Amino acid sequence: MGFLDLEKNFAFYAAYHSNPVNIAIHMIFVWPIFFTALLLFNFIPAPFDLPHIHFSLFQTDFFLIFNFGFLFTLIYVVFYLCFDYKAGSLAALLCLFCWVASSVLATLLGFQLAWKVCFII
């Protein structure tokens, strides 16, 4: 199957990431990078007009917008679920959580502060 061949991909990954420190660094720092990318994608206007999801949390209104951040998240969710259903389900949930959290943070901070948060993270 090539791209989705789990054994082949794990063998390739294991060949280049066998150092425990390297593995720990990847496990810790991949999610903040993904989160900051989504945070910045929230400020790119959506090229398509889909309905927004509106919700209130702590008396603040938030909108989940189907923009490039959502598209980026959806690609990763599908990839992780196709790659491995059990472990991929956890990664897919983390991706969706990052999308929701970055949308909320983008709403709260605005662009002026959000890019500074991305720079710090």
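Structural data are supplied above this passage.
Position labels on residues start from 1 in each chain and follow its written sequence. This being a predicted model, a pLDDT of at least 70 is required before a residue's local features are given, and a value of 80 or more before pairs of side-chain atoms are given or counted; all residues contribute to the totals for chains, interfaces and linings. Think of the side-chain values as coming from all heavy atoms in the structure, minus any hydrogens and water.

S.K.: Just give me the short version of the packing of aromatic side chains, but keep the residues and values in it.
M.R.: Two rings from Phe, Tyr or Trp (for Trp, the six-membered ring) form a pair when their centres sit within 6.5 Å of each other. Planes less than 30 degrees apart are called stacked, planes more than 60 degrees apart edge-to-face, and all others tilted. According to the stated counting rule, one finds 11 aromatic pairs in the structure shown. Taking the centre distance of 5.1 Å and the plane angle of 65 degrees together, the rings of Phe72 and Tyr76 count as edge-to-face. Here the residue Phe72 and the residue Tyr76 both occupy positions in helix H3 (residues 68–83), the gap between them amounting to four residues, near one helical turn. Among the residues examined, Phe72 registers a relative accessible area of 24% and is labelled partly exposed. Of the aromatic side chains, those joined through ring pairs into one cluster are Trp31, Phe34, Phe41, Phe72, Tyr76, Phe79 and Tyr80. Counting from the N terminus, the helices are the DSSP runs of H or I reaching at least four residues and the strands are the DSSP runs of E reaching at least two. Each residue is assigned to one of three classes by its accessible area relative to the maximum for its type, calculated with a 1.4 Å probe on protein chains only: buried under 20%, partly exposed between the two thresholds, exposed over 50%.

S.K.: Can you break down the side chain of Thr73 residue by residue, with the values?
M.R.: Structurally, the position occupied by Thr73 is in helix H3. Judged by its relative accessible area of 0%, Thr73 falls in the buried class. Two residues form a contact once any of their heavy atoms are found within 4.5 Å. If we ignore the near neighbours within four places in the chain, the residues touching Thr73 are Phe34, Leu38, Cys95, Leu96 and Trp99.

S.K.: Just give me the short version of H3, but keep the residues and values in it.
M.R.: The span one expects for a helix is its residue count, reduced by one, times 1.5 Å. Given a rise of 1.5 Å per residue, 16 residues ought to cover 22 Å, and the 22 Å separating the end C-alpha atoms of H3 matches this to within 8%. Polar contact is the term for a pair of N or O atoms within 3.5 Å; when the atoms are in protein, one must be able to donate a hydrogen and the other to accept it, and sequence-neighboring residues count only if both atoms are side-chain atoms. Capping the start of H3, Asn67 holds a side-chain oxygen 3.1 Å from the backbone nitrogen of Gly69, two or three residues further along.

S.K.: Now, about the side chain of Ser103: what can you tell me, with residues and values included?
M.R.: Mapped onto the fold, Ser103 is located in helix H4 (residues 85–120). Residues in contact with Ser103, not counting those within four places in the same chain, are Asn42, Phe63 and Leu64.

S.K.: Could you give an account of a nonpolar patch on the surface, naming the residues involved and the relevant values?
M.R.: Patch construction takes residues with relative accessible area above 30% that form no salt bridge. Like charges are linked within 9 Å, and nonpolar side chains (Val, Leu, Ile, Met, Phe, Trp, Tyr) are linked within 5 Å. Under the convention used here, a 1.4 Å probe and the Shrake-Rupley method define accessible areas, while residue burial counts only the protein chains that appear. Here a salt bridge means any side-chain nitrogen of Lys or Arg lying within 4 Å of a carboxyl oxygen belonging to Asp or Glu. Together, Val21, Ile23, Ile25, Met27, Ile28, Phe29 and Ile33 give the surface a local cluster of nonpolar side chains, amounting to about 700 Å² of exposed area. Mapped onto the elements, Phe29 comes out in helix H2 (residues 20–41).

S.K.: Any chance you could break down the packing of H2 against H4 for me, citing the residues and the numbers?
M.R.: Running from N to C, H2 and H4 cross one another at 55 degrees; their axes reach a closest spacing of 6 Å. What the angle tells us is that H2 and H4 run oblique. The element H2 and its partner H4 pack so that their crossing is right-handed. For the contact of H2 with H4, the class distribution of residues is 18 nonpolar, two polar and no charged. Each axis is a line fitted through C-alpha atoms, and for a helix only the stretch in contact is used; angles between axes span 0 to 180 degrees, taken between their N-to-C directions. Under this scheme an angle from 65 to 115 degrees is roughly perpendicular, one under 35 degrees roughly parallel, and one over 145 degrees roughly antiparallel; angles in between are oblique. By definition, any crossing whose near helix is turned counterclockwise from its far helix by less than a right angle is left-handed, and any crossing with a clockwise turn is right-handed. Each residue gets one of three labels, nonpolar for Ala, Val, Leu, Ile, Met, Phe, Trp, Tyr, Cys and Pro, charged for Asp, Glu, Lys and Arg, and polar for the others, Gly among them.

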